[in-house]
Amino acid sequence: MKDLMDRALNLTRMRGAQYADIRVVENRTENMSVRNGVVDALNFSDNIGFGVRILANGAWGFASSRDLSPAEVDRVTALAFEIARASALAPGEKVDLGPAVVSQGVYQTPFQIDPFSISLEDKLALLMKADAEMGGVEGLRVRRGNLTFIREKKSFANTEGAYTEQTIIESGGGLMVTAVGGNEVQQRSYPASFGRNQSTAGWEVILNWDLPGNAQRVASEAVALLTADPCPSEITTTLILGGDQLALQVHESCGHPTELDRVFGTEAAYAGTSFLTTEKLGTFKYGSSLVNLTADSLRPLGLGTFGWDDEGVPAQSTPLVKDGIFVGYLMSRETASRIGRTSNACMRASGWDRIPIVRMINVSLEPGTWSWDDLIADTDDGIFMETNRSWSIDDKRYNFQFGTEVGYEIKNGKLGRLLRNPTYTGITPEFWNSCDAICNEKHWIMWGTPNCGKGQPPQTAHTGHGAAPARFRNVRVGVLK
Amino acid sequence: MLGQQESLKICKQILGRCGKDPAEVLIFSEDDALTRFANNTIHQNVAQTDIKIIIRYIIGKQIGTATTNRLDSSALDEVVGRARLNAQASPEDPLYPGLSGPAQYQEIPAFDDATASYSPQARALSVRGICNLSKSKDLNASGAFSTGYGEITIANTEGVNAYHTSTHADFQTVIMGEDSSGRAQRTAWRVQDIPVEELGKEAVHTAERGRNPHKIEAGEYTVVFDHYVTQDIISSLCFSGMGALSVLEGRSWMNDRIGQKIMSSQVSIWDDGLDPQGAPMPFDFEGVPKQKVDIVREGVVLGPVYDRYTGQKAGHASTGHALPPTARGFGPLATNLFMAPGTASLEEMIHSTQRGLYINRFWYTRVVHPRDCIITGMTRDGVFMIENGEITYPVKNLRFTQSYVQALADVEAVGRKTYLLASEFLSSVDCIPALKISRFNFTGSTV
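To continue, consider the overall build of chain B. When its secondary structure is counted, chain B shows 10 helices and 19 strands. Here the C-alpha atoms of chain B give a radius of gyration of 23 Å, agreeing with the 22 Å that 2.2 N^0.38 yields for 447 residues. Each principal axis of the C-alpha distribution contributes one length, and for chain B these read about 70 × 55 × 35 Å. For chain B, the proportion of its 447 residues judged to be buried stands at 65%. Within chain B, contacts between residues at least 6 apart in sequence are counted, and of these 73% link residues at least 24 apart. When the accessible surface of chain B is totalled, it reaches about 15,800 Å², and 47% of it is carbon and sulfur. Each charge class in chain B was averaged separately, 42 positive and 50 negative side chains, and the resulting centres sit 3 Å apart.

Now the structure itself:
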């Protein structure tokens, strides 16, 4: 493999590239799902290929292929040059990649139990057991359970002398049930929305989530929601968000607007731009003084945890918001140079066939000081919402609207009646400035979002978000009439 | 490109490794390129080539699948072995109807040599033209121009041998001013059918007209939608309930409404993979020939699309809408949607509006509640107030929360021209017109 990578890079040097890198990625994925007692998916997937990225005469070109033969490496490298030449027909500003990246080393995701060592029969038995528990609940229309395991081996080398090898392991899964009654359709998921949480970890996380042990509860909640009171409509109230919903709030309204490539307009054609423009850095009051947001690729279990990003920059931790003030971005080598900083390892490609672009890694809300019981007891009148059901935000990341699977009324410091179809809406900085309490690290969980979309052609990234429940004041709740 | 002979040869080699067990092989090969631009420059320019082999292995009613992108002998041994293991480990699915049998497929033109060989330089020259136009107007162009080709081969132990090759091209651009933007897009299987310059001018015109937008109150408005909005409506209805699985599970907007008139009589929607005006595909991913399916006719809901599995459950023949076996859990999907054109031009729809909004596109739309397909999302890239039949001023982007089923019940006029567009997640390519709707609910606005 290294010989092929050296072959490509030597070719690029011979042809005068200013910079080049190559990634070889092999991905093995096992996924399975059970639907109403029947296995409706049991698949093993194996995929390998390489991608060459070249900067020549100030313009970028990228080409990739599944075929790892020397002849194909030569063809693809030549194609990347041809593409870079074409890019130069509409050139941009001079590219400054900042300091050279010369990382060397090997990284593997830490895990306790290799998920690929567990038999298919044992994995299916776990899902069937959870299915049987859900099946015992009257009133369900659909019950689903799923598991996914990924092993990705990635080699990276560049013309500056970097060479790294990484093996990333991910384990994910969950349950989702649908209840139908009259005009109502209700769903409940565990351990996270749409029936899936995912971590950089082994089989041990699946055991920790205890899908069979939570199956009956989840199923009963879905049925109960059919006849629950609707969430009050068009009120302004105190909102407490569960950690899993807050993780998505962080993803949409914090992670995306801090992607520096969006700020510089390079995602305008698809994902949009950002309201966090560069003159705001260091001064803009993004949230209340309790709000601290961090981007890191180091924390255990995070889907954004690795050894080096896809430019070979080492994993690290960067504050994005400190004591409420906006202080940092998610950056690549090129974008970081434009603001006088160095990359914080946020360039990621979804596979060998895609160019790396700025992506979230783990973007987390740091824990506060409150216990969950105290937070509820301290709230006179409000609504608690958890587990996302719908999400939408504008192209600059200001106006958002979220719906969750379940809500509970809070009255006089106690959780009360169940509420169906809860929704809330707001404007990002107004929302975060209304945060007046965050639960402590005992309630902090690293959640996984395995389906973040960005880029053209489209790329799906896996991102991590740590969050504990938190409280927000004067939030507009209930947009359904 | 593998070619038909080579593809079917590989299928035979794989099926030969399955012994006496029933099995099915799908081979996808693709060769795609995309030139992306922003800030009036080309900033990302990419190409990829790949082959994907999916094997469905059957032992009685036990099913397992495996995929690979390797073609060497040991890789094919491994992938068949994995699929067999998966089948052996899987409990029986008593409702599995088995593999489909051989069929005759319609020959439909869908491949264009010029598109297949479209060069990086050709794409870049077109993009440069748009960037130069934008610069001349003091605007900022971004977008993507993609071309490519693909092959699909399906073979199984029951005698299915299906092969289809196609080309695709898509151009989309967002042109931005300080406080305005406009967008245009077109999809085709012949790159010559994409009027790049015209699309650039369309987006520039919207961006220029959109300068200094006003904030307006949320509320219900009469709306005139460009075809880009109509595509979102059709796509959302598709994902929320045009497939038989969602109907069988009771979570479709069609449930309890099949046979009823719930939309305007001006609304007719169908799926047709055989129409060369769309992105033609003669068979589905089980090798069943595609059929034209009327989903809504003159406002009356007729029913969903089926694959063999849901067809067996519902007592209905497959309509040729199966997805690959690795996506079986999604159920059948309509991927070539058409909406019937009407008689009005966009200008006529605007002139006939006393007070309302003209909207270019929707963004980030998601299901809030599936029963009536209640969707929330934002407007983007051009919203304009209409007063007394004229566009009077641009408007800041708005959030809506609205039942799309109700919206199509309130259709007052349908555009006479239709346009071909690939959907955001590339799951379908649809042919749709503009719409005028008497009331649409906006619940907020952006900063």
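A separate point is the pairing of strand β2 (residues 41-59) of chain B. Within β2(B), 17 of the 19 residues are buried, which leaves it mostly tucked inside the rest of the structure. Alignment of strand β3 (residues 59-65) of chain A against β2(B), held across 4 bridges, turns out to be parallel. Paired with Ala63(A) across the bridge in β2(B) is Ala47(B). Pairing geometry for strand β1 (residues 23-38) of chain B and β2(B), over 16 bridges, is antiparallel. Directly across from Phe28(B), in β2(B), lies its bridge partner Lys52(B). In this structure, the hairpin formed by β1(B) and β2(B) is closed by a connection of 2 residues, where Asn39(B) is found at a positive phi of approximately 55 degrees. Judged from the 7 bridges that link them, β2(B) and strand β3 (residues 62-68) of chain B form a sheet pairing that is antiparallel.

With that settled, consider the packing of aromatic side chains. According to the stated counting rule, one finds 35 aromatic pairs over all chains in the structure shown. With a centroid separation of 6.2 Å and 20 degrees between ring planes, the pair formed by Phe37(B) and Phe171(B) is classed as stacked. Here the residue Phe37(B) occupies a position in strand β1, and Phe171(B) occupies one in strand β5 (residues 161-176), the gap between them amounting to 134 residues. Overall, Phe171(B) belongs to the buried group, its relative accessible area being 0%. For the ring pair Phe400(B) and Tyr404(B), a centre distance of 6.2 Å and an interplane angle of 20 degrees mean the geometry is stacked. Exposure class is identical for Phe400(B) and Tyr404(B). Each is buried. Above the plane of the ring of Phe44(A) lies Arg82(B), whose end atom (NZ or CZ) is 3.8 Å from the centre. Positioned above the aromatic ring of Phe384(B), the side-chain terminus of Arg209(B) is 4.9 Å from the ring centre.

For the peptide bond that leads from Tyr190(A) to Pro191(A), omega is 0 degrees, which places it in the cis range. In this structure, Pro191(A) sits in the loop between β7 (184-190) and β8 (197-199). Backbone geometry at Asp138(B) places phi at a positive 60 degrees, although glycine is not the residue there. Mapped onto the fold, Asp138(B) is located in the loop between α4 (120-136) and β4 (140-156). Even without glycine at this site, Asp381(B) takes up a positive phi of about 60 degrees. As for its position among the elements, Asp381(B) is in strand β13 (residues 374-387).

Residue and element names in this part refer to chain B. In the structure shown here, the tally under the stated rule is 55 salt bridges over all chains. The shortest N-O distance in the salt bridge between Arg-56 and Glu-286 comes to 4.0 Å. Separated by 230 residues along the polypeptide, Arg-56 in strand β2 and Glu-286 in the loop between β8 (269-271) and β9 (293-297) bring together distant segments of the chain. In this structure, Arg-56 and Glu-286 share a single accessibility class: buried. Note that Asp-256 is salt-bridged to Arg-371, the shortest N-O span being 3.0 Å.

As a further point, take the nonpolar core. Core analysis: the biggest nonpolar cluster contains 75 residues, and Leu237(B), Trp253(B), Leu357(B) and Leu408(B) have the highest contact counts within it. Mapped onto the domain boundaries, this core takes at least three residues apiece from domain 1 (4-206) and domain 2 (214-445) of chain B. Leave out the neighbours within four places in its chain, and Leu408(B) touches Ile233(B), Leu237(B), Met263(B), Ser264(B), Val267(B), Ile269(B), Met339(B) and Leu435(B). Leu55(A), Leu97(A), Val321(A) and Val477(A) belong to the second-largest nonpolar core, a separate cluster that totals 70 residues.

Turning our eyes to something else, we now look at the interface of chain B and chain A. Counting from both sides, the interface comprises 77 residues of chain B and, opposite them, 83 residues of chain A. When chain B packs against chain A, close to 6,800 Å² is buried across both sides, 51% of that on carbon and sulfur atoms. It is Arg36(B), Glu249(B) and Tyr364(B) in chain B that bury the most area against chain A; as a group they hold 9% of the surface buried on that side. In this structure, the connection of chain B to chain A is made through 6 salt bridges. With a closest N to O distance of 2.9 Å, Glu78(B) and Arg28(A) form a salt bridge. Of all the elements, β2(B) adds the most residues to the side of chain B that touches chain A, at 11 residues. Of the residues in the side of chain B that touches chain A, the class split is 31 nonpolar, 31 polar and 15 charged. In this structure, strand β2 (residues 38-56) of chain A lies alongside β3(B), joined through 4 bridges in parallel fashion. Across the sheet, residue Asn43(A) finds its bridge partner in β3(B), namely Thr65(B).

Quick look at the side chain of Asp271(B) now. Residues and elements named next belong to chain B. Note on placement: Asp-271 falls in strand β8. In this structure Asp-271 is buried but unpaired, with Lys-290 as the nearest side chain of opposite charge at 4.8 Å. At 2.6 Å, the side chain of Asp-271 and the side chain of His-321 are in polar contact. Non-local contacts of Asp-271, meaning those with residues more than four positions away in its chain, are made with Gln-291, Lys-292, Val-293, Ile-295, His-321, Ala-334, Thr-335, Asn-336 and Leu-337.

A word on the pairing of strand β17 (residues 381-393) of chain A. All names here are of chain A. With respect to burial, β17 is a largely interior element, 11 of its 13 residues being buried. Taken together, the 4 bridges between strand β10 (residues 235-241) and β17 define a ladder with parallel strand orientation. The residue bridging Leu-241 from the neighbouring strand is Met-385, located in β17. Relative to strand β18 (residues 399-411), β17 runs antiparallel, the two being bridged by 11 bridges. Counted as the bridge partner of Met-385 is Gly-407 from β18.

Our next topic: helix α2 (residues 73-89) of chain B. Working note: α-helix, 3.6 residues per turn, so residues spaced by three or four point in the same direction. Here α2(B) spans 24 Å end to end across 17 residues, near enough to the 24 Å set by a 1.5 Å rise per residue. For α2(B), the set of buried residues is Ala75(B), Leu76(B), Val79(B), Val80(B), Ala83(B), Asn86(B), Ala87(B) and Ala89(B). Contact partners of the buried residues in α2(B): β2 and α3 (120-135) of chain A together with α1 (4-16), β2 and β3 of chain B.

Attention now goes to helix α6 (residues 227-239) of chain B. Residues and elements named next belong to chain B. With 13 residues, α6 should cover 18 Å at 1.5 Å per step; its first-to-last C-alpha distance of 18 Å lies within 8% of that length. Counting buried positions along α6 gives 12 out of 13 residues, so the element sits mostly inside the fold. Of the positions making up α6, those classed as buried are His-227, Tyr-228, Val-229, Thr-230, Gln-231, Asp-232, Ile-233, Ile-234, Ser-235, Ser-236, Leu-237 and Cys-238. Directly after α6, the chain includes Gly-241, whose backbone phi takes a positive value near 160 degrees.

Each value, and the rule that gives it
- Residues numbered from 1 in each chain as written.
- Chains lettered and ligands numbered in written order.
- Predicted model: local features only at pLDDT ≥ 70, side-chain atom pairs only at ≥ 80, totals over all residues.
- Heavy atoms only, no water.
- Helix = DSSP H or I, 4+ residues; strand = E, 2+ residues; numbered from the N terminus.
- Rg over C-alpha atoms; globule rule 2.2 N^0.38 Å.
- Buried < 20%, exposed > 50% of the residue type's maximum accessible area, 1.4 Å probe, protein only.
- Contact = heavy atoms within 4.5 Å.
- Areas by Shrake-Rupley, 256 points an atom, 1.4 Å probe, with all protein chains shown as cover.
- Lys, Arg positive; Asp, Glu negative; His and termini not counted.
- Charge placed at Lys NZ, Arg CZ, Asp CG, Glu CD.
- Pairing = 2+ DSSP bridges.
- Phe/Tyr/Trp six-rings, centres within 6.5 Å; stacked < 30°, edge-to-face > 60°.
- Lys NZ or Arg CZ within 6 Å of the ring centre and 35° of its normal.
- Salt bridge = Lys/Arg side-chain N within 4 Å of Asp/Glu carboxyl O.
- Core = buried A, V, L, I, M, F, W, Y, C linked by side-chain atoms within 4.5 Å.
- Domains from an automatic or database assignment.
- Buried area = accessible area lost by both parts, 1.4 Å probe.
- Nonpolar A, V, L, I, M, F, W, Y, C, P; charged D, E, K, R; others polar.
- Polar contact = N/O pair within 3.5 Å; in protein donor to acceptor, adjacent residues only side chain to side chain.
- Expected span 1.5 Å × (residues − 1).

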